[in-house]
Amino acid sequence: KQWYQRRVRELPAAGELPLAPVSSRVLSATEMLVSIDSNKSNAPPGMQDAVDKNYQKVLAEKKEKQDKEKEDQLKDINPALVARIRAKEAKKIAQKMTRDPEKDKELAMLDRLETIIRCLRVLYVGAGKGSLLLNDVTLDISSNPRMNMSQPFVAEHVKLLVQISPTWLSIANLRKKEYLKLNRNIDTNIVLDAVRCRQDKLK
């Protein structure tokens, strides 16, 4: 017993324990390209072209995989029903090919508005104000890691929201500065319905 106690006293003091490794989820190729594509407006022209080319390639490969999976699912379905489904899809593709590119751009923006609407609601409730500088609002949203959008790109979306729901969101000029006013008395679900209605008209 005495030998044991003496040996324990002779042990050196323990140093700092190693920190646990920081693990992070590895982004897929599609997620990485989507992230880069959202911020490509800040990239040099040559890089923007490269991003567009690779982004389209990834989307094409993804579509090809989805088409194959769909074909496998349709094997045991009535051929007449399959024909109707394919005719409907062909009609949708034809409509997309003849659609105005500006409409496609707006549809893509409309898809992002739900998240921006919620960000705006949280921001104004937290600030306890009904009016904030437009520049501060767009900077705050662009800094949100969930958004992954440049500040000018966020501003485009905010101005689209102003067009869709002017009673909920509006821009006022005061002393050569732009302020974004938000009516907190309006339910955001009403605004979301207005966005979906706009989407349905463009599709």
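Please refer to the structure placed before this passage.
Please read all numbers here as calculations on a predicted model, not as lab measurements.

1. Concerning the packing of helix α7 (residues 151-164) against helix α8 (residues 188-202)
Step number 1: One way to put it is that α7 packs onto α8 with a least axis distance of 10 Å and a crossing angle of 95°. Compared by their axis directions, α7 and α8 come out roughly perpendicular. Two secondary-structure elements touch here, α7 through Leu160, Leu161, Gln163 and Ile164 and α8 through Val191, Ala194, Val195 and Arg198.
Step number 2: The residue makeup of the contact of α7 with α8, split by class, is six nonpolar, one polar and one charged.

2. Description of the side chain of His157
Step number 1: Considering the arrangement of structural elements, one finds His157 in helix α7.
Step number 2: The contact partners of His157, leaving out residues within four places of it in the chain, are Met109, Arg112, Leu113, Ile116 and Met149.

3. Points about the pattern of salt bridges
Step number 1: Under the definition given, this model contains four salt bridges.
Step number 2: Here Glu156 and Lys105 are joined by a salt bridge, their closest N and O atoms 3.6 Å apart. Taken together, the residues Glu156 in helix α7 and Lys105 in helix α5 (residues 101-127) connect sequence positions 51 residues apart.
Step number 3: The class of Glu156 is partly exposed, set by a relative accessible area of 35%.

4. Some points on helix α6 (residues 134-142)
Step number 1: Those residues of α6 lying buried are Leu134, Val137, Thr138, Ile141 and Ser142. Along the axis of α6, the buried positions cluster into a sector of 125°, meaning they face one direction only.
Step number 2: Elements that come into contact with the buried residues of α6 comprise α5, β1 (131-133), α7, β2 (169-174) and β3 (177-182).

5. Thoughts on the packing of α5 against α8
Step number 1: Between α5 and α8, the shortest axis-to-axis distance is 10 Å and the interhelical angle comes to 175°. In terms of orientation, α5 and α8 fall into the roughly antiparallel class. Residue-level contacts link Lys103, Glu106, Leu107, Leu110, Asp111, Leu113, Glu114, Ile117, Arg118 and Arg121 of α5 to Thr188, Val191, Leu192, Val195, Arg196, Arg198, Gln199 and Leu202 of α8.
Step number 2: Along the lines of polarity and charge, the residues of the contact of α5 with α8 split into eight nonpolar, two polar and eight charged.

6. Considerations on the sheet that holds β3
Step number 1: Ordered in space as β1-β3-β2, the three strands form an open sheet in which the pairing is antiparallel. The open sheet terminates on both sides in strands that have one partner only, identified here as β1 and β2. Ignoring which end each strand starts from, the neighbouring axes of this sheet average 30° apart.
Step number 2: Two elements, β2 and β3, share six bridges in a ladder whose sense is antiparallel.

7. So, the environment of Val191
Step number 1: Assignment of secondary structure puts Val191 in helix α8.
Step number 2: Sequence separation between Val191 and Pro166 is 25 residues, and the spatial gap between their C-alpha atoms is 9.7 Å.
Step number 3: Excluding its chain neighbours within four sequence positions, the residues that come into contact with Val191 are Ile117, Leu161, Ser165, Trp168 and Ile186.

8. Some thoughts on the pairing of β3
Step number 1: Here β1 pairs with β3 via three bridges, running antiparallel. Pairing of Ser131 across the sheet is with Lys181, part of β3.

9. A word on unusual backbone geometry
Step number 1: A positive phi angle, close to 55°, is found at Asn148, a residue other than glycine.
Step number 2: With respect to the helices, strands and loops of the structure, Asn148 is situated in the loop between α6 and α7.
Step number 3: Looking at Asn148, the relative accessible area reads 29%, which means it is partly exposed.
Step number 4: The phi angle at Lys176 is positive, at roughly 65°, despite the residue not being glycine.

Cut-offs used in this document
- Residues numbered from 1 in each chain as written.
- Predicted model: local features only at pLDDT ≥ 70, side-chain atom pairs only at ≥ 80, totals over all residues.
- Heavy atoms only, no water.
- Axes fitted to C-alpha atoms, helices over the stretch in contact; angles between N-to-C directions.
- Helix = DSSP H or I, 4+ residues; strand = E, 2+ residues; numbered from the N terminus.
- Parallel < 35°, antiparallel > 145°, perpendicular 65-115°, else oblique.
- Contact = heavy atoms within 4.5 Å.
- Nonpolar A, V, L, I, M, F, W, Y, C, P; charged D, E, K, R; others polar.
- Salt bridge = Lys/Arg side-chain N within 4 Å of Asp/Glu carboxyl O.
- Buried < 20%, exposed > 50% of the residue type's maximum accessible area, 1.4 Å probe, protein only.
- Arc of directions from axis to C-beta.
- Pairing = 2+ DSSP bridges.

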